[in-house]
Amino acid sequence: MRIFAVLLLSFTCFVAAAQNKPATISGSVVDENENPLSGISVVVLGKNAGIVTNDSGRFEIKVTAEKALALVFSNTGFATLQKNFFLSPGETETIVVRLTKSGKVLDEVIVTDERERNETGLIKVNPKSAITLPSTTGGVEAMIKTLVGSNNELTSQYSVRGGNYDENMIYINDFEIYRPYLVSSGQQEGLSLINPELAKNVSFYTGGFQAKYGDKMSSVLDIQYKKPTKFAGSAYISLLEQGLAVEGSAKKGRVTYLAAVRNKNNRNLLNNQPTQGSYIPSASDAQAYITYQFNKKWQLELLGIFSSSRFNFFPESVKKTSAVFSPLFSANLGLDVYFEGQERDRYNTSMIGASIVHGANKKLKLKWMISRFSDDEKENFDIAGGYIFGSRDFDNNSSTYGEIVNPLGAGYYQNYARNELNIEVWNASHKGTYTTGKHFLQWGNSIEQTNITDKLKQWEYQDSAGYSLPYTPSSLVLFNSLNSTADLSIQKYSGYVQDNIHFGRSKNDISLQVGVRYNYNSLNKEFLISPRAQVSWKPQGKKDMVFKAAAGIYNQPPFYRELRNYNGILDTDIKAQKSVQFVAGMDYNFKGAGGRPFRLTTEAYYKSMTDVVPYDIDNVKIRYLGSNNAKAYATGLEMRLFGELVEGAQSWISIGLMRTKENLDNDFYQQYLNAAGEIITPETEDKIVTDSLQTEVGWVRRPSDRLFTLGLYMEDYLATNKNFKLHLNILYGSNMTYNIPNSSRYRNGLIVDPYMRVDIGFSALLLSEKSARRSHNPFRGFENIWLSFEIFNLINKANTISYQLIKDFSNSTYAIPNRLTPRLVNLKLLARF
């Protein structure tokens, strides 16, 4: 019996020892060219300690058996890779790990990209993050809106430092591109012309940019497409958008190519809007970028883009509600509209460009470019609506719940348009750079021919309580009408020269940029000179800080929309809007918790503007007053913090404070006085007018004025598995103004409530570790496959984009808000090969 007990105890100890015996993972780490990589960190996910590969790239690590675990391979300059395991006691697994060069902009921002730190207003955006960012529009612009703010999730357009959408420039491989101009609401927009799957570098300038960039007042978005070295591609499909992209090289690298197609259908998104009806939107585009290297000094580059958008809409009805609170009157006001008619819009955009690049020697580089941009737009709608307006019943127990129970007004209106616009831009330009000593010289010259033809036929009829507005007993008068044509041929000449000077690294590291550009166009025959300068200073010390400042003149000649006023009258004598801008800021790199790198940037700015053409914004449609009759200013402070809240996951927060106002010439109104010298108001007893008082309006908020903006983007993952990720996108903006038409006294007098939106996405890696797949595996050609589940407008906030003005029976005007999209879910599958 004792012998049996001893044997049993020995067996139990043996089994326990076997169960506690660890497993072993060994192998080698190589780069894309199969070269061994030394010094690569190998850590069990969730633990702080680990090992590094030796000079031959080899490693061996003991791990816990019979437990799911993951090894994380990482090093500066390479993309972090995770591999998952479940091993038996005593088992040994040998693997080969291939690391690719890192595409993470965050590492470059914090560690190596000194150019971004030295230039004012420059933000580097990672185009790969645009794929994973939860957003209804997607693309690079969605990333930018987390940095500068937004008030409309249906558009890819953005406002920067108090400017409007027309004040932003976009370049793709040095070719300037334009957006459609007749689009009046975000739901009509199609795809952005920027394809993030093709982009390599994205540089976004929020102000104070260099002389080499063109003649607009707010921002520059500079996109550079990739030059691939091997075949690869990606495909994705979601409820809103689908796309395919391929890239590769041939002839031993002398030929590189990129090609992509995309399709977008927002029907699922638009069907959730307050206005019920049949939405039939569609948008598609095709892009290609090809380079051919003749020899080491000469290279040809070709870029082609074609984009087509359609928007068909058959509205049925809409129910709008607005709460009114005051000491004298409180109510839930409702507006019910029943429609008939339809809208059919078409937008076709194309661009083809060719450039020849000549590297004469290591110091001199020359580039010649020619391009043609075409924009063909048609906007057709004929929509009528009968409406009833009054108090809405919100008593759940009432038989009239949700209905108008106390009518205040009723009427009928009709909107009609047959608008056509064609823009053709031919451009020929030359650019060059020369490096000598501490100097980096840049210059360029451009000749541009712009042809614009349009036919605008648009009118609106309004009937309130049986009376046509405006009421004229003897005739029928439309509420507003526009009937105009234009045929413009404009020649533009522009150029620049600038010098970037680096004074070296003695006690201080100082960089200076000085440049000047000129612009002349034949439309208003205005010749403009714009000097610009930047300076940065990096003092020696323990803290890694850079101080920088910029000043310059930024002029914006009129292009198309600025030339027309509210009545459609064309004024070709409109002068360029002019601004003097000052920017000062700092850039600070530091280590946070766990030694993770962080970067804090702060910039203060001031813009003084003259010869301003005032404008109003309705949704995304900009309508100018058609005259240089205002001055304006914009001033503010922007702060951004970039870093990794958890290792290997990008996050940032952007905070902006801004105020922008304008002062129009001759914007006065009359106030009437009684015999006692009192201003007559509805409460005044004596309403007999004996005199009048002319009052100047003075400085008022601009349509883009927003005191506070906040944008937050955050990535996270499960502590035990990096293959399950979370992406969070939060936007907040304080209130904005909305203009009351034909009112000097109450210009920009309505207030749009603060905008707040939370979008969240969850991603799971379905397929990885290409090297471990068998040859007969149908997925052996894929690098990885991700599945994402997204929730748009998580908090279901009913954001307001504009107002509809309605008159009641007593001729009082009410503003009923037009709302944006509610909560919506989306599924997305992304595969890379």
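In the block above lies the structure referred to throughout.
Structure report, in brief. (Residues numbered from 1 in each chain as written. Predicted model: local features only at pLDDT ≥ 70, side-chain atom pairs only at ≥ 80, totals over all residues. Heavy atoms only, no water.)

## Things to note about the sheet that holds strand β5 (residues 69-75)
Part 1 of the argument: Strand order in this open sheet of four strands is β3-β2-β5-β6, and the pairing throughout is antiparallel. Single-partner strands in this sheet number two, and they are β3 (50-52) and β6 (78-85). Direction aside, neighbouring strands of the sheet carry axes that sit 20 degrees apart on average.
Part 2 of the argument: Both β5 and β6 contribute to a ladder of six bridges, which runs antiparallel. Paired with Leu71 across the bridge in β6 is Lys83. (Pairing = 2+ DSSP bridges. Helix = DSSP H or I, 4+ residues; strand = E, 2+ residues; numbered from the N terminus. Axes fitted to C-alpha atoms, helices over the stretch in contact; angles between N-to-C directions.)

## A look at the packing of aromatic side chains
Part 1 of the argument: What the rule picks out here adds up to 30 aromatic pairs.
Part 2 of the argument: Ring pairing ties together the aromatic residues Tyr178, Tyr181, Phe373, Phe559 and Tyr560, which thus form one cluster.
Part 3 of the argument: Over the ring of Tyr236 we find Lys828; its NZ or CZ atom is 5.2 Å from the centre of that ring. (Phe/Tyr/Trp six-rings, centres within 6.5 Å; stacked < 30°, edge-to-face > 60°. Lys NZ or Arg CZ within 6 Å of the ring centre and 35° of its normal.)

## Some words on the nonpolar core
Part 1 of the argument: One finds Tyr158, Ile172, Phe204, Leu221, Ile223 and Tyr225 to be the most contacted residues of the largest nonpolar core, which totals 61 residues.
Part 2 of the argument: Per element, the largest residue contribution to this core is six residues, and it comes from helix α5 (residues 139-148).
Part 3 of the argument: When residues no more than four places from it in sequence are discounted, the contact partners of Tyr225 are Ile172, Asn173, Leu193, Ile194, Asn195, Leu198, Ala199, Lys200, Leu258, Gln287, Tyr289 and Leu303.
Part 4 of the argument: Within the second largest apolar cluster, 20 residues are counted, among which are Ala23, Val42, Val63 and Ile95. (Core = buried A, V, L, I, M, F, W, Y, C linked by side-chain atoms within 4.5 Å. Buried < 20%, exposed > 50% of the residue type's maximum accessible area, 1.4 Å probe, protein only. Contact = heavy atoms within 4.5 Å.)

## A short note on the pairing of strand β30 (residues 621-624)
Part 1 of the argument: The alternating pattern of β30 places Ile622 and Tyr624 on a buried face, while none of Lys621 and Arg623, on the opposite face, is buried.
Part 2 of the argument: Here strand β29 (residues 615-618) runs beside β30; their pairing, made up of four bridges, is antiparallel. Bridge pairing in β30 links Asp618 to Lys621.
Part 3 of the argument: Here β29 folds back onto β30, and the loop between the two strands holds two residues, one of which, Asn619, carries a positive phi near 65 degrees.

## Here's the deal with the pairing of strand β8 (residues 122-125)
Part 1 of the argument: Covered by surrounding structure in β8 are Leu122 and Lys124 together with Ile123 and Val125, the residues of both alternating faces.
Part 2 of the argument: The sheet contact formed by β8 and strand β11 (residues 199-205) spans four bridges and is antiparallel. If you follow Val125 over to β11, its bridge partner there is Val202.

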